[in-house]
Amino acid sequence: MAASHRRRVGVLISGRGSNMASLIEAAAHPTYPAEIVVVISNRPEAGGLARAAAAGIPTIVVDHTAHADREAFERELHAALVAHRAELVCLAGFMRLLTPWLIGNWEGRMLNIHPSLLPLFKGLHTHRRALEAGVRIHGCTVHYVVPEVDSGPIIAQAAVPVLPNDTEEALAARVLRQEHALYPLALSLVAQGRVRLADGRVRLEGAWDEGSALIAPRPAARER
Ligand code: GAR
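Residues numbered from 1 in each chain as written. Predicted model: local features only at pLDDT ≥ 70, side-chain atom pairs only at ≥ 80, totals over all residues. Heavy atoms only, no water.

A. Structural context of the site of the ligand. Close contacts around the ligand come from R16, G17, S18, N19, G93, M95, I113, H114, P115, L176 and E179, and that covers them all. Within the side chain of R16, one N or O atom sits 2.5 Å away from an oxygen atom of the ligand. Contact distances for the ligand include 2.5 Å between an oxygen atom and a side-chain N or O atom of S18. Isolated, the ligand exposes 450 Å² of accessible area, and the fraction of that covered by the protein chains is 86%. When atoms are counted within 2 Å of each cavity's grid points, the one that captures over half of the ligand is the largest pocket. For the shell around the ligand, the elements supplying multiple residues, two or more each, are α1 (18-27), β5 (110-114) and α6 (168-191). (Near = heavy atom within 4 Å. Polar contact = N/O pair within 3.5 Å; in protein donor to acceptor, adjacent residues only side chain to side chain. Areas by Shrake-Rupley, 256 points an atom, 1.4 Å probe, with all protein chains shown as cover. 1 Å grid on protein atoms, 1.4 Å probe; cavity = no way out; pocket = protein on both sides within 12 Å on 5 of 7 lines; lining within 4 Å. Sits in = over half its atoms within 2 Å of the grid points. Helix = DSSP H or I, 4+ residues; strand = E, 2+ residues; numbered from the N terminus.)

Okay, here's the thing in structure tokens:
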């Protein structure tokens, strides 16, 4: 891959598109190793479509309700990605289950962001379930998409504390802030070729900081 080649990325959304917006914003930097070439929504009313258009990104609606079956829907989705010469696909709040056919076509080239520390809390209502489970640390995950939902090889994760008086909304907002940092980072690593799939696991290439531990609960400074 030539150093100057920015990987072409299609983003799939279903809703407000805040993660999509974080990818578009990151890709606006000329040194970012990927560019967003198309945003596709399965819902015509998705708020993210206007945000993408405002950023000058081509948008397409592939309305699943307007297709006879899942296969016809996915064939159009795939054709739109191919027509825009996408090399990678980022699911960003895309709320349709995909069949092994489409996923197979993008094997090792399709990423998803999920609002939990996988493999915990696959599926929906992750923040509510984290609160119910009483975990002290929650977060988000970017992973490769495989046919089994929310189960693909993990690329990157970000963790946040769960605070004693958290509501589902407060926790969701805290996680979402990290999603907006994590997805551009993970896509950048993939686009640079610093992430490799081997035997169903992700191998990271390069040097990495140890970072710091997240301990929760951590008493407020005045109570320490
Ligand atoms: C995000 O929190 C994302 O992690 C989640 O939907 C939200 C979409 O928000 N995705 C899933 O739950 C996928 N199973 P956004 O449209 O503002 O990016």
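Once the structure has been displayed, the description carries forward.
B. Expanded view of the packing of α1 against helix α2 (residues 47-54). Close contact between α1 and α2 brings their axes to 9 Å; oriented N to C, the two are set at 15°. When the axes of α1 and α2 are compared, the pair comes out roughly parallel. Where α1 crosses over α2, the two elements pack in a sense that is right-handed. Facing α1, whose interface residues are S18, M20, A21 and I24, α2 presents G48, R51 and A52. Counted by class, the contact of α1 with α2 contains four nonpolar, two polar and one charged residues. (Axes fitted to C-alpha atoms, helices over the stretch in contact; angles between N-to-C directions. Parallel < 35°, antiparallel > 145°, perpendicular 65-115°, else oblique. Left-handed = near helix turned anticlockwise from the far one by under 90°. Contact = heavy atoms within 4.5 Å. Nonpolar A, V, L, I, M, F, W, Y, C, P; charged D, E, K, R; others polar.)

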